[in-house]
Structures are given as structure tokens and as C-alpha cells.
Amino acid sequence: GSSLEPEERSMEPPAVPEEEEEEEEEGAVPLSVAPGPVGCQLFGYVGIEAVLDQMKIKTMKTGFEFNIMVVGQSGLGKSTMVNTLFKSKVSRKSSQPGQEERIPKTVQLQSITHVIEEKGVKMKLTVTDTPGFGDQINNENCWDPIIKYINEQYEKYLREEILITRKRKIPDTRVHGCVYFVPPTGHWLRPLDLEFMRRLSKIVNVVPVIAKADTLTLEERAEFKQRVRTGPPGAPGLPHVPPRPRLKSCVLQIQEDLKTHAISVYPQEDFDQDPEDRALNDRIREKIPFAVVGADQEHQVNGKRVLGRKTKWGIIEVENPAHCEFPLLRDLLIRSHLQDLKDITHNVRYESYRVRRLNESNRPG
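This report concerns the structure included in the present document. (Residues numbered from 1 in each chain as written. Predicted model: local features only at pLDDT ≥ 70, side-chain atom pairs only at ≥ 80, totals over all residues. Heavy atoms only, no water.)

### Examining the pattern of salt bridges
So, step 1. Applying the stated rule across the entire model yields 16 salt bridges.
So, step 2. Of the charged contacts, one joins Glu 319 and Lys 87 as a salt bridge, the two residues approaching to 3.2 Å between their closest N and O atoms. One end of the pair, Glu 319, is in the loop between strand E9 (315-317) and helix H9 (326-336); the other, Lys 87, is in the loop between helix H3 (78-86) and strand E2 (110-118), and 232 residues separate them in sequence.
So, step 3. Assessed through its relative accessible area of 29%, Glu 319 is described here as partly exposed.
So, step 4. As a salt-bridge pair, Asp 331 and Arg 335 come within 3.9 Å of each other at their nearest N and O atoms. You can see Asp 331 and its partner Arg 335 sitting in helix H9, four residues apart, about one turn around the helix. (Salt bridge = Lys/Arg side-chain N within 4 Å of Asp/Glu carboxyl O. Helix = DSSP H or I, 4+ residues; strand = E, 2+ residues; numbered from the N terminus. Buried < 20%, exposed > 50% of the residue type's maximum accessible area, 1.4 Å probe, protein only.)

### Details of the layout of surface pockets
So, step 1. Volume-wise, the largest pocket comes out at about 660 Å³.
So, step 2. Lining the largest pocket are 18 residues, and of these Phe 64, Glu 118, Val 121, Met 123 and Ile 334 sit closest to its centre.
So, step 3. Listed by contribution, the elements that provide at least two residues to the lining of the largest pocket are H3, E2, strand E3 (121-130), H9 and helix H10 (338-361).
So, step 4. Split into classes, the residues belonging to the lining of the largest pocket amount to eight nonpolar, three polar and seven charged.
So, step 5. Approximately 430 Å³ is the volume attributed to the second largest pocket.
So, step 6. Around the second largest pocket, the lining comprises 16 residues; the ones closest to its centre are Glu 65, Lys 169, Asp 172, Arg 174 and Lys 342. (1 Å grid on protein atoms, 1.4 Å probe; cavity = no way out; pocket = protein on both sides within 12 Å on 5 of 7 lines; lining within 4 Å. Points joined across faces, edges and corners; volume = space filled by probe spheres on them. Nonpolar A, V, L, I, M, F, W, Y, C, P; charged D, E, K, R; others polar.)

Function cannot be inferred from these measures alone, as they are strictly geometric.
If you want it as C-alpha cells, here you go:
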């Protein structure tokens, strides 16, 4: 029969079989936190790849921004080089049709913005020129206006970013890349050049090039490249690096020399994401500084119209790798590393500036 007395229940947990206890002791993962499968095989078409098409369509509608700065003394062909890069007159802004506005020879920075379009893709290009840099007799602290300008663009972006109600798309005027023009003297780099690149490589992506490389022979170009990497003997404030054998690995030369002078030019080894990026960037670093020739006029060569410089001895084709290294510079700045330049500017350069400014604003007093 049934009993009206309540059943006696034990407060102790139920006994666990010995085998289960052994599994728990061995560190079995509870079912609630068990990891999921590494991959998942699809048994039909989902359409995930359409995300790339969506991104492409959105980019083509809104366009994107790219800001480049050119630095060097007068007469090195900075404006011509920019025109050659984008195959248009983007380095000068005409106040009237058919007339070009000449930039004065001062260290006052001039920024010119154009919207260029190719195959439906719009790009808002801003070119910042530094006319007169290094032209004065006393060039002490001549890099200050350039550093100030770069930091002002970071500050402008930061002020927009910290607003309570900010714009959906913040206008980006930050300098994504700085092309530094080295005079084609064939001799040692000036201390001014080394000091400039050392200071600016900390806040912006610096790409050094040897301007008007057609004035140098191939042997002079090779020797000058090695001198650019090793620096002048006994330069004030800079250690002397003895010349190295030519057979030594170019990559090791560049790495050691840039570390010696504390100069980190683009592309930096620290930012290589994977082995493929490292292999590509290693090939680029072997050619730095690029020996380039600029020309914004076309000439007839073997029945084809090519960009080049016409001389008494023939035509120097700027897009011919056998004549100069302009194609490498163009590929680096536009075709292969443009987005990487923007990403490093935002995630590394601007982030360092933002952290420093916010720390300064949070200091007591």
C-alpha cells in the first residue's frame, strides 16, 4: 500500500560512475562549451561571394580618397612625376582655361584636389606639393611646416571622430603616402635628406625615389643606390657605415642601413601580414630607392604612342622597365599597395597620433 509519510531525499549529488569520473578528471570539456566544427561543407549555392560585388558597387558609387605628398627641392620634376602617375594634369590647378597656376618657390604647402575617374571608379585625389624645400642656404628645421601639416590632418580627422553626432563618412585629408625626391647627384645623400626621412618616417609612409634618373648611367645608378642606403661618410649626427661588397644580399643591406639611420621607409617589414605579402614586399625593398623618370608628353615609338622624354639620342620611355623604374613606383602607389597605404595610415600612423593626443587631454592640469 501507499504511505502518507514523505520520502526521505538525500541532499548529496547523485553518484557518478567511475568511468565518467575518470573522463572528467582527464579534463573533458563540458557539453555547454564544446567547440564547434572547424569548417562547414555547403551542400548548395548560398551566394556569399556576392558580398564582393556589393562592395565593388558601393565603392564605385561613393568613390574613395587618396592623398599623396611630394617632397624635394625645386627642379626635380615632382609635378611632372605626379602627372605621369595619373596620366593627367593633376599637379597644378588652372585658374583659367588654358593657363596653369605656377606654385611659388616657398616652403608654404600647396594642396590641389581633383576627382579622376577610370572605368566607372571615382577617386578624389589630393596632391600636396612642398615647393622650395631644401632650396634655402639655411635649411635648419625646414621640415617643420611639413610635419605640422601632416599632424594637422590627423587632428582634423580626430576632431570629427570624437564628436557626439559625427558624420556618416568623415572626410579624409590625411596624407597616405609621401614621395621623397633625391637629387641625382651620384654622390652621397645630404644630411638634410637623411634627417628628413628619419623624422617623417615616424608619422607618414615615406617612399624615396631618385629623380631624373636618366642623367645617370646604369653603373652610376647602382653605385648611387648603394650610397643612398649606406649614407655619406662622416655625416654630422649620423654614424658612418663602411661600404659593403656588391655581392652581399640587397635585402640585408637595406635592412641594416635603414636600422642604422633609424629610417623606416615603406613598405615596412613589421607590417607584412603573411608570407605572400613578405615575398612581394621583399622584391620591392630590393629596388628602393626607385630610379624614376617622369614625362607627361607622348611620342611615337615603333608605331605606338608612349610616354617619354625625347632627347638627342632617342626617346626614354618612362613605362619601359628597361629604361627606368617608374613602373615599379606606379604599381606600388596605385595598382598593388594603394589600399595598404590607406590602411597603415589609419591603423598605425593615425592610431599612434590619436593615442598620444587623448593621453595628453586626460592628463591632470
